[in-house]
Each structure stands twice: as structure tokens, then as C-alpha cells.
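Notes for the structure review
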Amino acid sequence: MENSVDRSPSPSYPVSAAGNALRVVRLLHELDELRVMDVADRLGVARSTAHRVLAMLVFEGFATQDRHKVYRPGPALQTIRGSQAAPPPDLITIAHPHLRRLADAVRETTHLMVLDGNGSRFLDGVEGPQALRVSYRTGTLLPAHTTSGGKALLAALPVDRLRALYPNGLPGDRAKSPHESPKDFESLMNELVSVRRHGYAINLQESERGVHAVGACVRDRTGTAVAAVAVAAPSVRCTRTRLTELSRPLLATVRDIGQEL
């Protein structure tokens, strides 16, 4: 039996501007990214009107605009709904010793990240001890579908939520190498099936040339994926087989972090 939702009657006075603004706030909350043409299409208004609504939301802190003219939830909206990118308050403090132990054990760089919209936000990292190593990326935001930790977190989402994150397909589609085709949304969905089955994701030079990585989710005591840990290494010494080997200490690490949350 379907659940019914009681809705209040429409107000008898004109509130089109306020109504449009509230609808866009709801869209930002649900989709995490919007463009002017998306808003115009959804509201059935001119692009100039959509632009004015978005500009007002930016001014009030409900939206931000990046250099690609994509609008995302701003600090005011994040505060109201609880930021997706905000980790549990003690996450970094708890995770850092584990990142260091893992880096020492596998002699490669380790990263801690969370989902920020459809991106991976790097919160912390420990560089591996070898002279040729991957640098840590604390503070960096990369497309989630190009990072191992990001893919692990995407795999933990329900399908409808995944589709809502990518209403216009994957951003910045490109090939992993000159011999491969760019990844599209459906191929990502197929890859996430494998991620769920194995419990970890791999990145073969998708976020950066010459870098391979393996990532897995940190889950709290309720089983909710709250972050991901990744091990990243130069591709010249880290084959796919090596990534599979690294997944074992990685999975033990994310389990240990989750038990402390």
C-alpha cells in the first residue's frame, strides 16, 4: 500500500518568486548540482528568471557556483540539511593513526575521503615512505567516479540516489588511456555492481596519470558508509594484482576505524 502525503492548500496570494526560490532549494537538496538551463526547464521559466533565482540563492548562502557555472548547495542549505561532506566530528582524529599504520605497513600513501555532492573530498592523508610515492591531497575535491574511495562510496548509495547525482551524465567524461573509451553513467553503474560484490573499488589512472589506487568504505556501527580510505601508489610498481593484495589490509583498516566511531 502506498503512503499518502497530505499537502497544504496553495496560498491565495501571489508568491511566485518565493515559490520558485523554494523549489530550487529543494532541487539543490535532492540533486546536489544544477545549471541555469536545468532550473529554467524544471520551473518552466525563462533562463533570465532562473539565473535571477540562483543569483539570489547564492547571495543568501543557499547555493554556490563553481568555475564551470554549476550551482551546488551552499553553507546555509548544508547547515539546514546536515552536510553530506561533513564527517562525524571525531572521524579524522580516529582515522589518522590507522592511516599511518596502513601507510607504514603497505609502504604506500593512504587517503581519507567523503562524498561531497558527486565529488570525493579528501580530508586527510599519510604519504608512503618510499622516494617515489603519491602525494596526499588533503582538501582536494575530485569527481567521485574517478577515485577508488569515491566509487566505493557511490556503490553504497541506492540507485535512485546515484541517478539524482548525475542528472546530465558523468562530468568530464574521458578515457582512462588512449586505448579506452570514455566512461558513461551506465558503465559506471556496471562497475559499481562489482564494487559491491568485492567490497572495494580500484582506480587505474582515472584521477591522475601514473597513479593506481584501491578504496573501501568506512561504515559506522549502524552500517552506514560515512567515509572511505584509499591506498594510492605509482602505477609503475602497482599492478591490478597488487591492488587486490592491498585490498586485504585496507579492508581490515576500514573495519577497525568503523568499530571506533
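Keep in mind the model is a prediction, meaning the values are calculated, not measured.

**Some points on helix α3 (residues 47-59)**
If you check α3, its first and last C-alpha atoms are 18 Å apart, about what 13 residues at 1.5 Å a residue would give, namely 18 Å. Looking only at α3, the buried set comprises Ala50, Val53, Leu54 and Leu57. Buried residues of α3, seen end-on, are gathered within an arc of 95 degrees and therefore sit on one face of the element. Exposed positions of α3 whose direction lies more than 90 degrees from the buried face are Arg52 and Phe59.

**Considering the confidence of the model for the protein**
When pLDDT is averaged along the protein, the result is 84; 85% of the residues meet or exceed 70. Confidence over residues 1-15 falls short of pLDDT 50; this stretch has 0 contacts with residues more than four positions distant or in other chains. In this model residues 174-181 is a low-confidence stretch, pLDDT under 50, and it forms 16 contacts with partners more than four residues away in sequence or in other chains.

**Details of the nonpolar core**
Leu112, Val214, Val229 and Leu250 are the most contacted members of the largest nonpolar core, which totals 28 residues. The set of elements that each furnish at least two residues to this core consists of α5 (91-106), β3 (109-116), β4 (119-126), β6 (201-204), β7 (211-219), β8 (225-234) and α9 (240-260). At 7 residues, the largest contribution of residues to this core is made by α5. Residues contacting Leu250, with those up to four places away along its chain left out, are Leu102, Val214, Gly215, Ala216, Val229, Ala230 and Val231. Counting residues in hydrophobic clusters, the runner-up holds 22 residues, among them Leu115, Leu162, Leu165 and Leu188.

**Here's the deal with the packing of helix α2 (residues 36-43) against α3**
Closest axis-to-axis distance for the α2/α3 pair is 8 Å, and the angle between their directions is 110 degrees. Between α2 and α3, the angle is such that the two are roughly perpendicular. For the pair α2 and α3, the crossing hand works out as right-handed. Between α2 and α3, the residues in contact are Val36, Met37, Val39 and Ala40 and Arg47, Ala50, His51 and Leu54, respectively.

Reading the values: rules and limits
- Residues numbered from 1 in each chain as written.
- Predicted model: local features only at pLDDT ≥ 70, side-chain atom pairs only at ≥ 80, totals over all residues.
- Heavy atoms only, no water.
- Helix = DSSP H or I, 4+ residues; strand = E, 2+ residues; numbered from the N terminus.
- Expected span 1.5 Å × (residues − 1).
- Buried < 20%, exposed > 50% of the residue type's maximum accessible area, 1.4 Å probe, protein only.
- Arc of directions from axis to C-beta.
- pLDDT = per-residue confidence, 0-100.
- Contact = heavy atoms within 4.5 Å.
- Core = buried A, V, L, I, M, F, W, Y, C linked by side-chain atoms within 4.5 Å.
- Axes fitted to C-alpha atoms, helices over the stretch in contact; angles between N-to-C directions.
- Parallel < 35°, antiparallel > 145°, perpendicular 65-115°, else oblique.
- Left-handed = near helix turned anticlockwise from the far one by under 90°.

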